[in-house]
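What the coordinates show
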Amino acid sequence: MPFLPSTSHRAKRVLPGFKLTLGYTLLYLGMIVLLPLTALFVKSFSLTWPEFWTAVASPRVLASYRLTFGASFLAAAVNAVFGFLIAWVLVRYEFFGKKVVDALVDLPFALPTAVAGISLTALLASNGWVGQYLSAYGIDLAFNPKGVVIALIFVSLPFVVRTVQPVLEDAEKELEEAASCLGANRLQTFVHVILPAVAPALLTGFAMAFARAVGEYGSVIFIAGNMPMVSEITPLIIVSKLEQYDYAGATAVAVVMLLISFVLLLLINALQSWQRQKTGAAS
Amino acid sequence: MRTSKNITTTESTWVRWTLTAIALGFIGLFLVLPLAAVFTEALRKGLDFYWLSLIEPDALSAIRLTLITALIVVPLNLVFGVAAAWAVAKFDFKGKAFLTTLIDLPFSVSPVVAGLVFVLLFGAQGWFGPWLQAHDLKIIFAVPGIVLATVFVTFPFIARELIPLMQAQGTDEEQAAIVLGASGWQTFWHVTLPNVKWGLLYGVILCNARAMGEFGAVSVVSGHIRGQTNTMPLHVEILYNEYQSVAAFAVATLLAVLALVTLVLKSVVEWRNAHGHGPSADLPLEPLQQSFGITSPASPASTQ
């Protein structure tokens, strides 16, 4: 029987309210999260296998997977590099306004995605602040897949910074001193001492940025141009199927997306326990 | 011979400057520039037009709906967060790790999918659709649907903040209070709550920001009925798609200010927690990522 207090920790049972709080937690969780997600799976079972397959593997939907996962991967990769750099600069160097910059890193979490979407579009459209200079060189970053990547870089920017930052803060300087004493130059120390220590956190941050980017909708739809086969992301496919009252089709694609996010969640959990083992072994 | 000359644990000055410049340049391009653009675009037609865009009836009704939604959603998730944290942090039971994973689940679901599940439950074609129609109740394309979708996407925020905090504080103080004759409620109110108040506030701030700003999930269930089921982010979208770009940015500035206020409050709470008084002073408050489903690998509380 799950969710029963274990007898080995009787001391803790002195406190009241276990049944009440756990009961409420399970009830609320069931009503708000589990029942709705179950409805999604049950609805998808009402489709026959060929129906399901046509819905999730039509050329237009396949093109949307390629864009969603490709752009999310690129955005997460860009953030792995620059997020690491930002975390490094915030932890290791002193400069004017560091506290403000540190707080600002969380902006993509706090700024509603629709606002980010219209703002990036206004900047990058061919008549925008940045777009007008770029279009003079024939570079167009709005209303095409490049715009999708840029929006996804924005929304997933804090993840790598915030996973790498605490690990860098806890890293032991002694190891770097030892490396230096043994004759390593700074670059060698970075590659052989610092990077291996940070690698699990970096990968975790990358996976989280990727997972966030895959599900993102609000910021992307403004800048993408949303052309079928070219710049249409998978969440938008779900929305447009819904708008055409194709509930079964929308459900099928949603189930695929949900399963992918479960896999990503498991992957992130595995990466985190790897990270904990690593930091545990180091200390 | 140990001299500071041959032991280097930092980079040469020019490397430091270059790296800092690149990092700040990236932040400037990707964070500061979009934020600045919101305000400049909003004021493009002057202050009068800006003001008129904000007090226009549809905008006001969107602002009202956003506030109402947050006022319902945040207390709901607050009560849940406190209950879940009490059960998970103060007691041991089988399936605890599984339960905390389930609590985090809404973070990994795409907002669009979150909206869709409620359409499948309560929409005209949904499980409860016929029953709702028979009783003349409307959830989808109405305010209750917006509230439900928002509750779903902000579900873990406060619980996720409180669980590690209350776990780290253990149960000694509460047990002492009970042994001394305090009731459960008194113990919670006078012992537990003062210890976790900053973490609680932190969770509320983040939950509120997301509740007011949610777009994808709300967009699926709202039906975009002007003056009735438009929240502020949806109103921004409609104006923008109708080529009323300046008005769209005017409403967007309110959301941008909300984001900035959130960041400031969050920094204040973090600072208060770091320099705070009482037993919670030495507890590391997890940075924002905790509330977005990131469990910091370095945090002792997450090693459960």
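Quantities reported herein were computed from a predicted structural model and do not represent experimental measurements.

The next subject is the overall build of chain A. A count of helices and strands for chain A gives 13 helices and zero strands. For chain A, the succession of helices and strands along the chain, N to C, is α-α-α-α-α-α-α-α-α-α-α-α-α. Viewed in the frame of its principal axes, chain A has a C-alpha envelope of about 70 × 65 × 35 Å. The proportion of buried residues among the 283 residues of chain A is 54%. Contacts in chain A between residues at least 24 apart in sequence constitute 75% of all its contacts with a sequence separation of at least 6. Each charge class in chain A can be summarised by its mean position, and for the 18 positive and 15 negative side chains these summaries are 8 Å apart.

Quick look at a nonpolar patch on the surface now. A cluster of nonpolar side chains, contributed by L35, V42 and F45 of chain A together with W127 and F128 of chain B, occupies part of the molecular surface with about 490 Å² of accessible area. When you line up the elements, F45 of chain A lands in helix α1 (residues 18–45). With relative accessibility at 66%, the residue F45 of chain A sits in the exposed group.

As a further point, take the pattern of salt bridges. In total, this model carries 18 salt bridges over all chains according to the counting rule given. With a shortest N-O distance of 3.2 Å, K98 of chain A and E94 of chain A are connected by a salt bridge. Judged by its relative accessible area of 18%, K98 of chain A is buried. Residue classification places E94 of chain A among the exposed residues on the basis of a relative accessible area of 68%. A salt bridge links K266 of chain B to D106 of chain A; its shortest N-O distance comes to 3.1 Å. Separated into two different chains, K266 of chain B in helix α13 (residues 245–274) and D106 of chain A in the loop between α4 (98–104) and α5 (107–110) make up a pair that spans both. Across the pair, exposure class does not vary: K266 of chain B and D106 of chain A are buried alike. In this structure, a network of salt bridges that share partners links the residues D102, D106 and R162 of chain A together with K266 and E270 of chain B.

Residue and element names in this part refer to chain A. Compared with the 38 Å implied by 1.5 Å per residue over 26 residues, the 39 Å span of helix α8 (residues 145–170) between its first and last C-alpha is a close match. Remark: the principal bend of α8, roughly 45°, maps to S156, with a proline, P158, within the next four residues. The opening residue of α8, the one whose side-chain oxygen lies 2.9 Å from the backbone nitrogen of K146, is N144.

One pass over the structure, following the stated rule, counts 27 aromatic pairs over all chains. With a centroid separation of 4.2 Å and an interplanar angle of 5°, the aromatic rings of F82 of chain A and F26 of chain B are classed as stacked. In this pair, F82 of chain A is assigned in helix α3 (residues 59–92) and F26 of chain B in helix α1 (residues 13–42), connecting two distinct chains. Look at F82 of chain A and you get partly exposed, because its relative accessible area is 25%. Through pairs of rings, three or more aromatic residues link up here, namely Y217 and F222 of chain A together with F215, Y240 and F249 of chain B. The ring of F49 of chain B has K45 of chain B sitting right over it, with the charged end atom 4.8 Å from the ring centre. Sitting over the ring of F93 of chain B, K96 of chain B keeps its end group 6.0 Å from the ring centre.

With that settled, consider the interface of chain A and chain B. Each partner contributes residues to the interface: chain A has 102 residues there, and chain B has 100 residues. Buried surface at the junction of chain A and chain B, both sides included, amounts to about 9200 Å², of which 79% is carbon and sulfur. There are two salt bridges connecting chain A and chain B. Taken together, chain A and chain B are joined by nine residue pairs in polar contact (both at pLDDT 80 or more). Per-element tally for the side of chain A that touches chain B: the top contributor is α1 of chain A, with 18 residues. Classifying every residue of the side of chain A that touches chain B gives 72 nonpolar, 19 polar and eleven charged.

On to helix α8 (residues 157–169) of chain B, then. Residue and element names in this part refer to chain B. Helix length check: α8, at 13 residues, gives a terminal C-alpha distance of 19 Å against a target of 18 Å (1.5 Å per residue), a fit within 8%. Within α8, twelve of the 13 residues are buried, which leaves it mostly tucked inside the rest of the structure. Within the sequence span of α8, burial applies to F157, I158, A159, R160, E161, L162, I163, P164, L165, M166, Q167 and Q169. The inward-facing, buried residues of α8 contact α3 (57–90), α4 (96–104), α7 (143–153) and α10 (184–213).

Residue and element names in this part refer to chain B. In the predicted model, chain B carries a mean pLDDT of 87, and the fraction of residues at 70 or more is 88%. Overall, residues 277–304 carries pLDDT values under 50, and its contacts beyond four positions in sequence, including any with other chains, amount to 71 contacts. Note on the complex model: pTM 0.89, ipTM 0.90.

What follows is about a negative patch on the surface. Taken together, the side chains of E169, D170, E172 and E174 of chain A present a region of like negative charge at the surface. Note that E172 of chain A resides in the loop between α8 and α9 (173–181).

Attention shifts here to the side chain of K96 of chain B. Residue and element names in this part refer to chain B. As for its placement among the helices and strands, K96 is situated in helix α4. We classify K96 as buried; its relative accessible area is 14%. Among all residues touching K96, those that are not within four sequence positions of it are V88, F91 and Q167.

The rules behind each value
Residues numbered from 1 in each chain as written. Chains lettered and ligands numbered in written order. Predicted model: local features only at pLDDT ≥ 70, side-chain atom pairs only at ≥ 80, totals over all residues. Heavy atoms only, no water. Helix = DSSP H or I, 4+ residues; strand = E, 2+ residues; numbered from the N terminus. Buried < 20%, exposed > 50% of the residue type's maximum accessible area, 1.4 Å probe, protein only. Contact = heavy atoms within 4.5 Å. Lys, Arg positive; Asp, Glu negative; His and termini not counted. Charge placed at Lys NZ, Arg CZ, Asp CG, Glu CD. Patch = residues over 30% accessible without salt bridge, like charges linked within 9 Å, V, L, I, M, F, W, Y side chains within 5 Å. Areas by Shrake-Rupley, 256 points an atom, 1.4 Å probe, with all protein chains shown as cover. Salt bridge = Lys/Arg side-chain N within 4 Å of Asp/Glu carboxyl O. Expected span 1.5 Å × (residues − 1). Bend = angle between axes of the 7 residues up to and from the residue. Polar contact = N/O pair within 3.5 Å; in protein donor to acceptor, adjacent residues only side chain to side chain. Phe/Tyr/Trp six-rings, centres within 6.5 Å; stacked < 30°, edge-to-face > 60°. Lys NZ or Arg CZ within 6 Å of the ring centre and 35° of its normal. Buried area = accessible area lost by both parts, 1.4 Å probe. Nonpolar A, V, L, I, M, F, W, Y, C, P; charged D, E, K, R; others polar. pLDDT = per-residue confidence, 0-100.

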